[in-house]
Amino acid sequence: MSGEEFVPLSLVPLLIGVCAALASALPGNFLILRRQALIGDAISHVVLPGIVVGFLLTGRVATWPMMLGAGGTALVSVLLIEVVARFGRVEPGAAMGVVFTSMFAGGVLLLELSDTSSVHLDVQHALYGNLESLIWLDAFGWESLFDPVALAGLPPELPRMALVALGIALFIRVLWRPLMLSTFDEGFAAMAGIATRPLSLALMVMSAIAAVAAFDAVGSIIVIAMFICPPAAARMMTDSLARQIGWSAVFATVSAVLGYVLAGYGPLWLGRADAVSAAGMIAVVAGVILGLAAVFGPCRRRAGT
Amino acid sequence: MLMRTEPEDVSASPFAVRGLTVGYGGDPVVQGVDLTVPDGAMLAIIGPNGAGKSTLLKASLGLVPRMAGTATVFGQPVARQRARIAYVPQRASVDWDFPARAIDVVMMGLYRDLGLLRPVRARHLDRARDCLARVGMEDFASRQIGQLSGGQQQRVFLARALAQDAEVYLLDEPFAGVDAATEAAIIAVLKLLRDQGRTVVCVHHDLSTVRDYFTHVFLMNRTAVAQGPVAEAFTQETLQRAYGGRLAFAAG
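Here the structure is a predicted model, which means the values were calculated and not measured.

All names here are of chain B. Read across the sheet, 6 strands follow the order 6-7-8-3-9-10 without closing on themselves; strand pairing throughout is mixed. The open sheet has two edge strands, strand 6 (85–88) and strand 10 (223–229), and neither has a second partner. Along the sheet, successive strands turn relative to each other by an average axial angle of 15°, direction set aside. Of the pairings in the sheet, the one linking strand 3 (residues 42–46) to strand 8 (residues 199–203) comprises 4 bridges and is parallel in character. Bridged to Ile 45 within strand 8 is Val 203. Packed onto the sheet, helix 1 (residues 53–60) meets strand 3, strand 6, strand 7 (168–172), strand 8 and strand 9 (216–221) and runs at close to 140° relative to strand 7. Against the sheet, helix 6 (residues 180–195) contacts strand 3, strand 7 and strand 8, and its axis sits at roughly 125° relative to strand 3.

What follows concerns the packing of helix 1 (residues 3–33) of chain A against helix 11 (residues 220–235) of chain A. All names here are of chain A. Taken N-terminus to C-terminus, the directions of helix 1 and helix 11 make an angle of 60°; their axes are 7 Å apart at the nearest point. By the angle class used here, helix 1 and helix 11 are oblique. At the point where helix 1 passes helix 11, the crossing takes the right-handed sense. Residues Ala 21, Ser 24, Ala 25, Pro 27, Gly 28, Asn 29, Leu 31 and Ile 32 of helix 1 lie in contact with helix 11, whose contacting residues are Val 223, Met 226, Phe 227, Ile 228, Pro 230, Pro 231 and Ala 232. Across the contact of helix 1 with helix 11, the residue classes tally to 12 nonpolar, 3 polar and no charged.

All right, on to the pairing of strand 8 of chain B then. All names here are of chain B. Burial runs high along strand 8: 5 of the 5 residues are buried. Examined bridge by bridge, strand 7 and strand 8 share 5 bridges and lie parallel to one another. Counterpart to Leu 171 in the pairing with strand 8 is Cys 202. Read from strand 7 through helix 6 to strand 8, the crossover connection turns out right-handed.

Here the focus is the environment of Ser 207 of chain A. Residues and elements named next belong to chain A. Here Ser 207 is to be found in helix 10 (residues 196–218). As a C-alpha pair, Ser 207 and Ala 23 span 184 residues in sequence and 8.1 Å in three-dimensional space. Excluding anything up to four places from it in sequence, Ser 207 contacts Pro 27, Leu 31, Ile 43 and Phe 227.

Turning our eyes to something else, we now look at the pattern of salt bridges. Tallied over the entire structure, the rule returns 10 salt bridges over all chains. Note that Arg 160 of chain B is salt-bridged to Asp 185 of chain A, the shortest N-O span being 2.7 Å. Here Asp 185 of chain A lies in the loop between helix 8 (176–184) and helix 9 (186–191) and Arg 160 of chain B lies in helix 5 (residues 150–163), a pairing that spans two chains. Residue classification places Arg 160 of chain B among the buried residues on the basis of a relative accessible area of 1%. As a salt-bridge pair, Asp 126 of chain B and Arg 129 of chain B come within 3.4 Å of each other at their nearest N and O atoms. Taken together, the positions of Asp 126 of chain B and Arg 129 of chain B, both in helix 4 (residues 122–134) and 3 residues apart, correspond to about one turn of that helix.

On the side of chain A, 27 residues touch chain B, which itself brings 34 residues to the contact. When chain B packs against chain A, the two sides together hide about 2700 Å² of surface, and 64% of this comes from carbon and sulfur. In terms of surface lost to chain A, no three residues of chain B exceed Phe 98, Pro 99 and Tyr 111 of chain B, which account for 24% of the buried area on that side. The interface formed by chain B and chain A holds 2 salt bridges in total. Run the count over chain B and chain A and you get 10 residue pairs in polar contact (both at pLDDT 80 or more). Every element with two or more residues in the side of chain B that touches chain A is listed here: strand 6, helix 3 (111–114) and helix 5 of chain B. If one sorts the elements of the side of chain B that touches chain A by residue count, helix 3 of chain B sits on top with 3 residues. The residue inventory of the side of chain B that touches chain A, partitioned by class, reads 21 nonpolar, 7 polar and 6 charged.

A word on the layout of surface pockets. When its volume is computed, the second largest pocket comes out at roughly 390 Å³. Every residue lining the second largest pocket is counted, 18 residues in all, and those nearest its centre are Trp 176 and Met 180 of chain A together with Arg 101, Asp 104 and Met 107 of chain B. Of all the secondary-structure elements, those providing two or more residues to the lining of the second largest pocket are helix 8 and helix 12 (241–269) of chain A together with helix 2 (102–107) and helix 3 of chain B. If you tally residues by element for the lining of the second largest pocket, the top one is helix 8 of chain A, at 4 residues. Broken down by class, the residue content of the lining of the second largest pocket amounts to 13 nonpolar, 1 polar and 4 charged.

About the thresholds
Residues numbered from 1 in each chain as written. Chains lettered and ligands numbered in written order. Predicted model: local features only at pLDDT ≥ 70, side-chain atom pairs only at ≥ 80, totals over all residues. Heavy atoms only, no water. Pairing = 2+ DSSP bridges. Helix = DSSP H or I, 4+ residues; strand = E, 2+ residues; numbered from the N terminus. Axes fitted to C-alpha atoms, helices over the stretch in contact; angles between N-to-C directions. Contact = heavy atoms within 4.5 Å. Parallel < 35°, antiparallel > 145°, perpendicular 65-115°, else oblique. Left-handed = near helix turned anticlockwise from the far one by under 90°. Nonpolar A, V, L, I, M, F, W, Y, C, P; charged D, E, K, R; others polar. Buried < 20%, exposed > 50% of the residue type's maximum accessible area, 1.4 Å probe, protein only. Right-handed = clockwise from strand over helix to strand, strands pointing away. Salt bridge = Lys/Arg side-chain N within 4 Å of Asp/Glu carboxyl O. Buried area = accessible area lost by both parts, 1.4 Å probe. Polar contact = N/O pair within 3.5 Å; in protein donor to acceptor, adjacent residues only side chain to side chain. 1 Å grid on protein atoms, 1.4 Å probe; cavity = no way out; pocket = protein on both sides within 12 Å on 5 of 7 lines; lining within 4 Å. Points joined across faces, edges and corners; volume = space filled by probe spheres on them.

Listed below in structure tokens is the structure:
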């Protein structure tokens, strides 16, 4: 495919997909080791009531009110999970399950009760996103990357998602030692002077930011898959946490690129006319990578097995 | 035997607890406990299962919430003296599948020196390797921790505490489920620490080794039962009171 076609149509969705995958997979490494992997699932679900509230308050399908609404409900859900787990004395997984299903169901009811029929706002959008629609109309080819006029027309989702991915990478780099210590041994970390509870909350908030930033562009399904699949596959490639995070970044990138290409061209190669959902295909590729790592990864063996 | 009267002044004690009460909602699991560890002592916290031994340790350190009471290190609140304490949690309290090698775990003991971003230098690695050697684990530095035996894992935990170079060592069941070689290695290291003037406190469950390993005991069963030098406080009578009818053998 030539640059004239590739740059306006495919470059931006590809990059957004890669950034969204990275932003989710990086914190996912710690979430899985902390047995909190379900939090990605939880946050992605509570995004729905958040965008509905954002819409109801402003009456517009605009990005910022919806993202703020989603961010708000994500934070509320993180706190609720903590409250349910602490005071209900149930394990964190059960607390997450209770909170996110209730809030998602509340979002569905809210959506039906409110008059949103006139606007494009539905559950499907929140789940699959619409990666393919994020095209760069002002671009004519590779040279547009150096053209300020064309760059001004870049879909705002790209810089936003890139910034979030960069921020999360920076967060993990700077707090690498406390994150590793408190993930492995919280009691010891607290005695070493690490504020373990605020750190845990910060990790949750960073994950929520990743999920909220990603849902708009690529939908919840990628977020859920990327929080879990690349880190889980990466764990089976190495016994070092630093290298695991490197592998997870590679797997996330490969899933995004391969998934996007397969969704766009796979059906054509099979003689079918229409492309399939890129978000769905990216999640499927991530799942296949996890399956391959589970079968062929060099560090699959676990203690006691 | 009556409770020994403790000196009011706790400033000389490397680890002292006053009026500690801990409950998880229901009845307190630890109630009104006073404990004063003498400087340079090697003290065992002893009591039946469910007596609140680990809880006493964790609540003193602020790792689980307490309902009442204080814990001090040389007279200062524990929260301000953490750098002088090395804490060894129960081995079962962490996930050993964690992607780390033995040397990585020992390096965690250097967190106070390294901070967030200070680079790891050769001297840091040397110190970590030296600590592994002191527990006889130098050949396992690059082994993933999940592939170590239970005893080897416990020794790695002890090496991490050694790397902290603390004055007070608090260990939660360091001999639980370890092989004889590990037990011998650990007790040798702990006795060496005591010989250097450090203070060692262990939650301990094996009554038969108390006389060989420790200088002082603290017997408890939710409340404090007795404390003092082993010869005075570790008697048939105090054991009966701590264990009640559950004591299967006499301790001599």
